Protein chains: 2
Amino acid sequence: MQFTSEQRLDDGVREREFTLGDIPGTLWTPASAAPVPLILMAHNNGLPKADPRLMARARRTAAYGYAVATIDAPGCGERPRSAADEQARADLRRAMQAGEPVDEIFESLIGPLVEKAVPDWRTALDALLELPEIGGPVGYSGGWAALGIRLAVVEPRIVAASFFAGGYVPRAQREEARQISIPLLFLLQWDDEGNPRQRALDLFDAFGSKEKTLHANLGGHTGTPWFELEDGCRFLDRHLK
Amino acid sequence: MQFTSEQRLDDGVREREFTLGDIPGTLWTPASAAPVPLILMAHNNGLPKADPRLMARARRTAAYGYAVATIDAPGCGERPRSAADEQARADLRRAMQAGEPVDEIFESLIGPLVEKAVPDWRTALDALLELPEIGGPVGYSGGWAALGIRLAVVEPRIVAASFFAGGYVPRAQREEARQISIPLLFLLQWDDEGNPRQRALDLFDAFGSKEKTLHANLGGHTGTPWFELEDGCRFLDRHLK
């Protein structure tokens, strides 16, 4: 893991870009000298790690006392897209503009994206846990629920997870949601355009966890109220601190 | 308003029984000397104000910095029940044991109970707001969602409300839920026996409030996790402090 840039933010949080082989990533750590738990934070559907909403969430979560890491997985953010990905994204745009069904296109785009992302996230996790400033258990908190589900199933080091319901979850992940047993917080925007409410409620119902909480707020996809960020940090506190 | 008994609890909370005409009530106030906002807290379906779960919630909420008041409304707790009430309750027990539909019986029991409760709650509110230790806005937090809905519609002094979904809400209150515009927190137990989940989700959908949040947790009617009490207090803090 090579750190390529560093800046200190107003609240004492250190923000560092890194590369790990061909994986680009960002790590936020709080001012605290003691080792802190690690939160993996992924944005949905290939959005870049530099997305402003992800950056804002990561910085606040770090200021709350966590190390937060994100990467651009294959086909995500600044990493090259396959021809198949480009085709699926073009199909998706066209179908959306035409008001046609998009499930099968999402399935062909997001399914492989999740599969290809998991090994890189686990490689990053291995490297991050060797840093002296990171210690203790690992959580997942992210807009990319499908990736979080897959990681929570295959990665025993993740002990709690918070997912945002607003994104396409492939059938494979909807199925393996039943295998998840860690505590979950599931965040739903009640009127999320393009993400059917009933499908999100069915997914919440499917999670195998004994401790799972749904927070639903009025409003559209990007309208999650600010207090949910703090609620999310308290959820992590209950399970990681 | 006459105080008839007083005890000081371990956390400095003062618990006082009172009577107001023929209305018996309990008031919890925190150790703080400054006037604090008031929370009206009602238990469901005529359960007594001395119910242990209500007492525990009230004490914790008072320790958090609120005055909390509850009363036994007509037909509730220690107050006499009408012959019609007794008949409805007997019908309800018999129908439940026989596994028969109970909606119409609940309708005939809870509908009038809500109607008769509202004037006494408003009388209590008038008297409570004259106490020097109470100041500022008023919230409602209660297991009795139907009463809370009715009060929120008719009582402009209530500025935020938290309802528990686990209880029969008469058709009249399901309808007037659309008139509510104050911020709401709605608490649902995902597997609440005897309280259909879809009906609760429909009620959440119906509330007219622009700011409304649903918290759903796995488990049955009495399984609400402890952290929801703290989440509830933080919700009140956002709107009453």
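First, a word on scope: everything that follows refers to the structure included in this document. All values reported here derive from a predicted model rather than from experimental measurement.

Each value, and the rule that gives it
Each chain carries its own residue numbering, running from 1 in the written order of its sequence. All chains are assigned letters beginning at A, and all ligands numbers beginning at 1, according to the order in which they are written. Local features in this predicted model are restricted to residues whose pLDDT is 70 or higher, and side-chain atom pairs enter the listing and the counts only when it is 80 or higher, whereas totals over whole chains, interfaces and linings include all residues. Note that the side-chain values use all heavy atoms of the structure and ignore hydrogens as well as water. Only DSSP runs of H or I covering at least 4 residues are called helices, and only runs of E covering at least 2 are called strands; the numbering of each starts at the N terminus. Only protein chains enter the area calculation, which uses a 1.4 Å probe; residues under 20% of their type maximum are buried, those over 50% are exposed, and those in between are partly exposed. The contact criterion used is simple: two residues touch if any of their non-hydrogen atoms lie within 4.5 Å. We call a set of buried Ala, Val, Leu, Ile, Met, Phe, Trp, Tyr and Cys residues a nonpolar core when their side-chain atoms join them within 4.5 Å. At least two bridges found by DSSP between two strands are what make those strands a pair. The term salt bridge refers to a pairing of a side-chain nitrogen on Lys or Arg with a carboxyl oxygen on Asp or Glu at a separation within 4 Å. The copies are overlaid by a least-squares fit using only the C-alpha atoms of residues whose pLDDT is at least 70 in both copies. A fitted line through C-alpha atoms represents every axis, and for helices the fit uses only the stretch in contact; the resulting angles, taken between N-to-C directions, go from 0 to 180 degrees. A crossing counts as left-handed when the near helix is turned anticlockwise from the far one by less than a right angle, and as right-handed when that turn is clockwise. The residue classification treats Ala, Val, Leu, Ile, Met, Phe, Trp, Tyr, Cys and Pro as nonpolar and Asp, Glu, Lys and Arg as charged. All others, Gly included, are polar. Buried area is understood as the total, over both parts, of accessible area removed when two parts are fitted together, assessed with a 1.4 Å probe. Any pair of nitrogen or oxygen atoms within 3.5 Å is treated as a polar contact; in protein, a donor-acceptor pairing is required on top of that, and neighbouring residues in sequence qualify only through side-chain atoms on both sides. By the counting scheme adopted, Arg and Lys are positive, Glu and Asp are negative, and His together with the chain ends is not counted.

1. Some thoughts on the side chain of D231(B)
Looking at where D231(B) falls in the secondary structure, it is placed in helix α7 (residues 227–240). Its relative accessible area of 8% is what places D231(B) among the buried residues. When sequence neighbours within four positions are dropped, the list of residues in contact with D231(B) reads H215(A), D231(A), L185(B) and H215(B).

2. Topic: the nonpolar core
As a rule of thumb, nonpolar side chains are buried together in soluble globular proteins. Ranked by internal contacts, the top residues of the largest apolar core, which has 124 residues, are W144(A) and W144(B). Once residues lying within four places of it in the same chain are set aside, the contact partners of W144(B) are A42(B), H43(B), N44(B), N45(B), C76(B), I110(B), L113(B), V114(B) and A117(B).

3. Quick word on the pairing of strand β4 (residues 36–40) of chain B
All names here are of chain B. Taking burial as the measure, the 5 residues of β4 include 5 buried ones, the bulk of the element. Examined bridge by bridge, β4 and strand β6 (residues 134–142) share 4 bridges and lie parallel to one another. The residue bridging V36 from the neighbouring strand is I134, located in β6. In the sheet, β4 pairs with strand β5 (residues 67–71) via 3 bridges, with the strands oriented parallel. Bridged to I39 within β5 is V68.

4. Focus: the pattern of salt bridges
Inspection of every chain in the model, using the stated rule, returns 46 salt bridges over all chains. Two residues, E6(A) and R14(A), come together in a salt bridge whose shortest N-O distance is 3.4 Å. Relative accessible area serves as the criterion here: at 48%, E6(A) is assigned to the partly exposed category. Judged by relative accessible area, which is 22%, R14(A) ranks as partly exposed. In this structure, the salt-bridge partner of R197(A) is D205(B), at a minimum N-O distance of 3.3 Å. A residue pair is termed interchain when its members come from two chains, as with R197(A) in helix α6 (residues 197–206) and D205(B) in helix α6 (residues 197–206).

5. Notes on the pairing of strand β2 (residues 14–20) of chain B
Residue and element names in this part refer to chain B. As paired elements, strand β1 (residues 2–8) and β2 share 6 bridges and run antiparallel to each other. If you follow Q2 over to β2, its bridge partner there is T19. Between β1 and β2, which follow one another and run antiparallel, lie 5 residues, and G12 among them has a positive phi close to 85°. Sheet analysis places β2 next to strand β3 (residues 23–29), joined by 7 bridges and oriented antiparallel. When the bridges of β3 are listed, F18 appears paired with G25. Connecting β2 to the antiparallel partner β3 that follows it, the hairpin turn spans 2 residues, and G21 within it adopts a positive phi of roughly 60°.

6. Quick notes on the relation of the copies chain A and chain B
When chain A is brought onto chain B, the operation consists of a screw motion whose angular component is 180° and whose axial shift is 0.0 Å, with 0.0 Å RMSD remaining. Here the transformation between the copies is reduced to the relation of a two-fold axis. Among all C-alpha atoms of chain A, that of H215(A) lies closest to the rotation axis, at 2.4 Å. Counting the interface residues of chain A, we find that 100% of their copies in chain B are interface residues as well, pointing to one common contact surface.

7. Observations regarding the packing of helix α2 (residues 83–98) of chain A against helix α3 (residues 103–128) of chain A
Residue and element names in this part refer to chain A. As a packed pair, α2 and α3 sit with axes 9 Å apart at the nearest point and diverge in direction by 145°. You can see that α2 and α3 cross each other, and the crossing is left-handed. Packed against α2, whose contacting residues are D85, A88, R89, D91, L92, A95 and M96, the element α3 presents I105, F106, S108, L109, L113 and K116 at the interface. Of the residues assigned to the contact of α2 with α3, the class counts are 8 nonpolar, 1 polar and 4 charged.

8. Some words on the interface of chain A and chain B
Each partner contributes to the interface: chain A provides 22 residues, whereas chain B provides 22 residues. Interface area, chain A with chain B, both sides summed: about 1,800 Å², of which 57% is carbon and sulfur. Where chain A meets chain B, there are 2 salt bridges. In this structure, the connection of chain A to chain B is made through 11 residue pairs in polar contact (both at pLDDT 80 or more). Among the elements that line the side of chain A that touches chain B, the one with the most residues is strand β9 (residues 212–217) of chain A, at 6 residues.

9. Some points on the side chain of E107(B)
Residues and elements named next belong to chain B. Position of E107 among the secondary structure elements: in helix α3 (residues 103–128). For the buried E107, no salt bridge is present, and the opposite-charge side chain at shortest range is R171, 4.1 Å distant. Setting aside chain neighbours within four positions, we find E107 in contact with P112, Y168, P170, R171, A172 and R174.

10. Looking at the environment of D72(A)
All names here are of chain A. With respect to the helices and strands, D72 occurs in the loop between β5 (67–71) and α2. A sequence separation of 23 residues divides D72 from K49, and the C-alpha atoms of the two residues are 5.8 Å apart. Once residues lying within four places of it in the same chain are set aside, the contact partners of D72 are I23, P24, L47, P48, K49, G77, E78 and R79. Here the side chain of D72 touches E78 through a polar contact of 3.1 Å, landing on its backbone nitrogen.

11. Observations regarding α6(B)
A200(B), L201(B), L203(B), F204(B) and A206(B) are the residues of α6(B) that are buried. On its buried face, α6(B) sits against α6 and β9 of chain A together with α4 (145–154), α5 (171–176), β8 (184–189) and β9 (212–217) of chain B.

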